[in-house]
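One-letter residues, chain by chain:
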Amino acid sequence: MAEAQKRSWSEAVDNFEETMIAVFLGLMTLITFANVIARYIFNTNILWALEVTVFLFAWMVLLGASYAVKHSIHIGVDVVVQMLPRGMRKFLTMLAALACVAFGVLMLKGGWDYWYPFATKRAFLETNDIPMPDFLQFFATWLNEGERYEKLPRFIPYFVMPLSMALLTFRFIQAAWRVMGGHQDLLIASHEGEDLLEEALAEQPGNPGKES
């Protein structure tokens, strides 16, 4: 039961990341396309388009970082590690995973410390151009002493900082657990060592794989 709950939680986080990345990418494309049409056909401009696109890009990249950890698709150099015996490789990978967990915790604290003032004593600060949707005006009662927001408050887009770092830390802990359990050898997906070896073998005289 516990194992099924853990798998269900991991799948829920996975689906959340995938959905958000797809939504943000789609919205960026649509908003940018609409702004181009507005500018070059109707000779006008969507004032908030650039700022929204910047925030959507930030959310997509930061959430994508944790998703990439889950699927081991971050780029890295593994030439030396691949040359080591399996036991030593696992030990070094475990050290790297623990270092990544520590990094994630530090980034989570930094992200929270950066965001929290915007949700408390700086809750009145707004974005430059993004209008405040009416359905989010309840934040004005909660955090802005009842004064309605004209623009979207900064604590909403900035929330990506603690959220993404929490997900990143969670993914690093998952990776460390997989390495400890022997289900994963490396934290990265690159295989420079194998590529270099194949390239060297292909260059040897008489090798059938060498190009003529």
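All of these numbers come straight from a predicted model, not from anything done at the bench.

(A) Just the overall build of the protein, in detail. A tally of regular secondary structure across the protein gives seven helices and two strands. Out of the 212 residues in the protein, the part that is buried amounts to 34%. For the protein, contacts bridging at least 24 residues in sequence account for 73% of all contacts bridging at least 6.

(B) Inspection of a nonpolar patch on the surface at higher detail. Together, Val36, Tyr40, Ile41 and Phe42 line one region of the surface with nonpolar side chains, adding up to about 500 Å² of accessible area. Mapping Phe42 onto the fold places it in the loop between helix H1 (2-40) and helix H2 (49-70). A relative accessible area of 58% means that Phe42 is categorised as exposed.

(C) Looking closely at the packing of aromatic side chains. Evaluated as defined, the whole model comprises 12 aromatic pairs. Aromatic pair Phe139 and Trp142: ring centres 5.9 Å apart, planes at 90 degrees, arrangement edge-to-face. Of the two residues, Phe139 and Trp142 are both situated in helix H5 (residues 138-143); the distance of three residues between them amounts to about one turn of the helix. With relative accessibility at 61%, the residue Trp142 sits in the exposed group. One aromatic cluster is present, built from ring pairs that chain together Phe55, Tyr114, Phe118 and Tyr158.

(D) Region of the structure containing helix H6 (residues 160-180). The first and last C-alpha atoms of H6 sit 30 Å apart over 21 residues, in line with the 30 Å expected at 1.5 Å per residue. Gly182 sits one or two positions beyond H6 and adopts a positive phi of about 80 degrees.

(E) Region of interest: the side chain of Asn35. Topologically, Asn35 is positioned in helix H1. Only 3.0 Å separates the side chain of Asn35 from the backbone nitrogen of Ile46, close enough to count as a polar contact. Asn35 has contacts with Asn45, Ile46 and Ala49, leaving out every residue within four places of it along the chain.

(F) Layout of the packing of helix H4 (residues 86-119) against H6. At a closest axis distance of 8 Å, the pairing of H4 and H6 adopts a crossing angle of 165 degrees. Classified by the angle their axes make, H4 and H6 are roughly antiparallel. Seen from above, H4 lies across H6 with left-handed handedness. Among the residues making up the contact of H4 with H6, the classes are represented as 21 nonpolar, four polar and one charged.

(G) View of the pattern of salt bridges. Scanning the entire structure with this criterion turns up three salt bridges. Here Lys109 and Asp113 are joined by a salt bridge, their closest N and O atoms 2.7 Å apart. In this pair, Lys109 and Asp113 are both assigned in helix H4, four residues apart and thus about one turn of the helix distant.

(H) Up close: the side chain of Glu51. As for its placement among the helices and strands, Glu51 is situated in helix H2. Nearest to the buried, unbridged Glu51 among oppositely charged side chains is Arg154, at 5.4 Å. Side-chain polar atoms of Glu51 contact the backbone nitrogen of Asp129, separated by 2.7 Å. In contact with Glu51, not counting residues within four places along its chain, are Thr127, Asn128, Asp129 and Ile130.

(I) Quick look at unusual backbone geometry. Within the chain, Asn43 stands out as a residue other than glycine whose phi angle is a positive 55 degrees. Take Asn43: it is sitting in the loop between H1 and H2. Asn43 sits in the exposed class, given a relative accessible area of 72%. Even without glycine at this site, Glu145 takes up a positive phi of about 55 degrees. Within the element layout of this structure, Glu145 appears in the loop between H5 and strand S2 (151-153). Judged by its relative accessible area of 81%, Glu145 is exposed.

What counts and how
- Residues numbered from 1 in each chain as written.
- Predicted model: local features only at pLDDT ≥ 70, side-chain atom pairs only at ≥ 80, totals over all residues.
- Heavy atoms only, no water.
- Helix = DSSP H or I, 4+ residues; strand = E, 2+ residues; numbered from the N terminus.
- Buried < 20%, exposed > 50% of the residue type's maximum accessible area, 1.4 Å probe, protein only.
- Contact = heavy atoms within 4.5 Å.
- Patch = residues over 30% accessible without salt bridge, like charges linked within 9 Å, V, L, I, M, F, W, Y side chains within 5 Å.
- Areas by Shrake-Rupley, 256 points an atom, 1.4 Å probe, with all protein chains shown as cover.
- Salt bridge = Lys/Arg side-chain N within 4 Å of Asp/Glu carboxyl O.
- Phe/Tyr/Trp six-rings, centres within 6.5 Å; stacked < 30°, edge-to-face > 60°.
- Expected span 1.5 Å × (residues − 1).
- Polar contact = N/O pair within 3.5 Å; in protein donor to acceptor, adjacent residues only side chain to side chain.
- Axes fitted to C-alpha atoms, helices over the stretch in contact; angles between N-to-C directions.
- Parallel < 35°, antiparallel > 145°, perpendicular 65-115°, else oblique.
- Left-handed = near helix turned anticlockwise from the far one by under 90°.
- Nonpolar A, V, L, I, M, F, W, Y, C, P; charged D, E, K, R; others polar.
- Lys, Arg positive; Asp, Glu negative; His and termini not counted.

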